[in-house]
Amino acid sequence: MRVALIGAGRMGLFHGQTLAQRLPGVTLVTVADPAATGLPPALGPARLVASADEVLDDPSVDAVVIAAPAPLHADLVVAAASAGKAVFCEKPASLTLDDLDRVIDATAAAGVVLQVGFNRRFDPGWRAARALIDDGTVGTPRLLRSMTRDPGGFDPSRVPPCTIFLETLIHDFDTLRFLNPGARAVSVFAVADALVEPAWADRGLLDTAVVTVRFSNGAIGVAEACFEAAYGYDVRGEVLGSGGMVTTGDGRATTMTFAGSAGRVVDTARGDQALFGSAYVAELAAFTTSVREKTPAVVTGPDARAALEIALAARESARTGQPVPL
Ligand SMILES: NC(=O)c1ccc[n+]([C@@H]2O[C@H](COP(=O)([O-])OP(=O)(O)OC[C@H]3O[C@@H](n4cnc5c(N)ncnc54)[C@H](O)[C@@H]3O)[C@@H](O)[C@H]2O)c1
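Every value quoted in this text rests on a predicted model; they were computed, and no experiment measured them.

Student: I tried to follow the sheet that holds strand β9 (residues 208–215) on my own but got confused; where do I start?
Tutor: Sheet strands pair via backbone hydrogen bonds, and the direction of the pair is either parallel or antiparallel. Ordered by their spatial adjacency, seven strands build an open sheet running β12-β11-β7-β10-β9-β8-β15, and the pairing between neighbours is mixed. The sheet is open, and its two borders are formed by β12 (244–248) and β15 (324–325), each paired with just one other strand. Strand direction decides the pairing type here: β9 and strand β10 (residues 220–226), joined by seven bridges, are antiparallel. Within β10, the residue paired with V213 across the bridge is G221. Helix-sheet contacts for helix α8 (residues 301–320) involve β8 (185–193), β9 and β15, and the interaxial angle to β8 is about 50°.

Student: Hey, could you run me through the pattern of salt bridges in this one?
Tutor: Two side chains of opposite charge can pair, provided their charged atoms sit close to one another. Scanning the entire structure with this criterion turns up 14 salt bridges. In this structure, R121 and D303 form a salt bridge, with 3.8 Å as the shortest nitrogen-oxygen distance. Of this pair, R121 sits in the loop between β6 (114–116) and α5 (124–134) while D303 sits in helix α8, placing them 182 residues apart in sequence. Grouping residues by exposure puts R121 and D303 together as buried. For the salt bridge of R319 with E316, the shortest nitrogen-to-oxygen distance reads 3.0 Å. Residue R319 and its partner E316 are both found in helix α8; the two are separated by three residues, about one turn of the helix. Overall, R319 belongs to the exposed group, its relative accessible area being 64%. Within the structure, one salt-bridge network assembled from shared partners comprises R121, D174, R177 and D303.

Student: Please explain the sheet that holds strand β1 (residues 2–6) as it appears in this structure.
Tutor: One open sheet holds the six strands; their spatial order is β3-β2-β1-β4-β5-β6, and the pairing between them is parallel. Looking at which strands have only one partner, the edges of the open sheet turn out to be β3 (47–49) and β6. The average angle at which neighbouring strand axes cross in this sheet is 20°, direction not considered. Both strand β5 (residues 86–89) and β6 contribute to a ladder of three bridges, which runs parallel. When the bridges of β6 are listed, F88 appears paired with Q115. Helix α7 (residues 272–293) rests against β4 (63–66), β5 and β6 of the sheet, and its axis sits at about 165° to β5.

Thresholds applied
- Residues numbered from 1 in each chain as written.
- Predicted model: local features only at pLDDT ≥ 70, side-chain atom pairs only at ≥ 80, totals over all residues.
- Heavy atoms only, no water.
- Pairing = 2+ DSSP bridges.
- Helix = DSSP H or I, 4+ residues; strand = E, 2+ residues; numbered from the N terminus.
- Contact = heavy atoms within 4.5 Å.
- Axes fitted to C-alpha atoms, helices over the stretch in contact; angles between N-to-C directions.
- Salt bridge = Lys/Arg side-chain N within 4 Å of Asp/Glu carboxyl O.
- Buried < 20%, exposed > 50% of the residue type's maximum accessible area, 1.4 Å probe, protein only.

In structure tokens form, the structure reads like this:
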């Protein structure tokens, strides 16, 4: 399978390396990025071009992986689908529901696979938690929790307003749905502030947020995020049901524990690729398998839409201070 990468920044380079090296039968043929001046050796002999158009005009490309900035996603997916390419698109697949509907319609009309980058669904811990929900062990979900703490070091001038809802917590909105299968979000309430960079509060920065999501089966979910945790990158999930509680994620980079005079010390992950490296590979493995075997994507456009709906409601709730019904 011949795959092209659109957007070779921090996330794109990881995906590019996966396509070039980690998936048997997959070849990374082209990388499109207007700012790139060269490609690292880890991306193999792939050709670098400046524009996505050059990828989409190439009939030998079967599929594209889009890791360009979020505001470009909708138009890139629509163009790729119209050119007959299967599409893996990083989250968020779009920033508005109208754009996401265009994306869903275009990929359906073209009959191409669309998978969205909700990588946590591919992490062994989250999958194991979901398996206990599916087989009834956890029972009826009552309380759900999903949490993202970034390692910090961000430049507040480069964080568009509401990134915390649309790009960070969108993962948590998806995992709340993943851990409460079949239920719909019915109302959303959000509280958010700039607690890491308070000097930027009056310019609209939100770097810390808690969002309560009520679901159609009565379960109550809480998603929380903060752009700085002194100890690294920490993502966790939890479901308390009638049969017990399941938790996943402890922020550890390895299973090593050092016991010394100061107590016990564990290794914490310092970034997303350290914590979720295998999940990022697994999601592209699932995507290329769907394309090859002509099977439905594991994470779909409607999944992206459901998470975006919650994210947009959270943004609105944080602005108004009121709960937002869906
Ligand atoms: N799933 C995850 O855990 C995860 C983690 C990080 C980023 N992401 C997502 O990946 C996407 C990219 O994030 P990033 O951190 O790599 O950003 P980045 O800024 O590091 O990289 C974006 C790249 O896209 C390139 N680009 C800009 N315009 C382009 C165009 N028209 N065509 C092709 N390339 C173009 C830029 O030159 C840059 O190299 C975002 O949607 C982000 O939310 C997901």
